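Chain by chain, the residues:
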Amino acid sequence: MYLYIKALHIIFIVTWFSGMFYIVRLYIYNTEASEKSGPEREILLTQFSIMIRRLWLGITWPSALLTLILGPWMWIILGSTPDWLAVKLIFVILLYGYHFSLHILYKEQQKGLFRFSSQKLRIWNEAATLLLFAIVFLASVKQALSWIFGLSGIVSLGFVLVLGIRIYKKIRSNK
């Protein structure tokens, strides 16, 4: 039974992350559409609003909830809490915090409020990448790695991702 629950847990983690990665892309496109004028603006905002609502409420939220149900169910079957799992749970809590921040953005964008530039949203999108790396490494290696090694790896990855976003911005603005 454990392996079936584990397989479902992994499937819903994948769909949850897919939804979180794509929703921020849609927020970026929606934000950029809000800067346009005339009929193009209205058509794009209407279409992105539909896409955002369907993705967020139809895929991302259900996947987050099913992940939240299946994870503890596996933990109960496992019957213990190894050190690596305790550390992983800290990152999972941060991930749900990130998810709720995306929900706030969802509500704002559905109301036509665009607080953040597309550049800031691109950077915020990478928070999920950092959490994904931390969670997958902990779940795969199954060790509470040394804090210095793990933290330096996450910080280095964050630096590379932000650098990539800045390079992309330069390339895009030169076109």
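Scroll up for the structure.
A. Quick peek at the overall build of the protein. The secondary structure content of the protein amounts to five helices and zero strands. Ordered by position from the N terminus, the helices and strands of the protein form the series α-α-α-α-α. Taking all 175 residues of the protein together, the buried fraction comes to 36%. Within the protein, counting contacts between residues at least 6 apart in sequence, those at least 24 apart form 83% of the total. Surface exposure of the protein reaches about 10,700 Å², of which carbon and sulfur atoms provide 72%.

B. Structural view of the pattern of salt bridges. Inspection of the entire model under this criterion finds four salt bridges. Residue Arg115 pairs with Glu108 through a salt bridge whose shortest N-O separation is 2.9 Å. One network of salt bridges, in which partners are shared, links Glu32, Arg122 and Arg172.

C. Spotlight on the side chain of Thr67. Mapped onto the secondary structure, Thr67 falls in helix H2 (residues 38-78). With a relative accessible area of 6%, Thr67 lands in the buried category. At a separation of 2.8 Å, a polar atom in the side chain of Thr67 contacts the main-chain carbonyl oxygen of Ser63.

D. The packing of helix H3 (residues 83-110) against helix H4 (residues 118-141), seen in detail. One can describe the packing of H3 onto H4 by two numbers: an axis separation of 9 Å at closest approach and a directional angle of 155°. The orientation of H3 relative to H4 falls into the category roughly antiparallel. The two elements H3 and H4 meet at a crossing, and its hand is left-handed. In this structure, H3 contributes Trp84, Val87, Lys88, Phe91, Val92, Leu94, Leu95, Tyr98, Ser101, Leu102, Leu105 and Gln109 to the contact, and H4 contributes Leu121, Trp124, Asn125, Ala127, Ala128, Leu131, Ala134, Ile135, Leu138 and Ala139. Here the residues of the contact of H3 with H4 are counted per class, giving 18 nonpolar, three polar and one charged.

Definitions and limits used
Residues numbered from 1 in each chain as written. Predicted model: local features only at pLDDT ≥ 70, side-chain atom pairs only at ≥ 80, totals over all residues. Heavy atoms only, no water. Helix = DSSP H or I, 4+ residues; strand = E, 2+ residues; numbered from the N terminus. Buried < 20%, exposed > 50% of the residue type's maximum accessible area, 1.4 Å probe, protein only. Contact = heavy atoms within 4.5 Å. Areas by Shrake-Rupley, 256 points an atom, 1.4 Å probe, with all protein chains shown as cover. Salt bridge = Lys/Arg side-chain N within 4 Å of Asp/Glu carboxyl O. Polar contact = N/O pair within 3.5 Å; in protein donor to acceptor, adjacent residues only side chain to side chain. Axes fitted to C-alpha atoms, helices over the stretch in contact; angles between N-to-C directions. Parallel < 35°, antiparallel > 145°, perpendicular 65-115°, else oblique. Left-handed = near helix turned anticlockwise from the far one by under 90°. Nonpolar A, V, L, I, M, F, W, Y, C, P; charged D, E, K, R; others polar.

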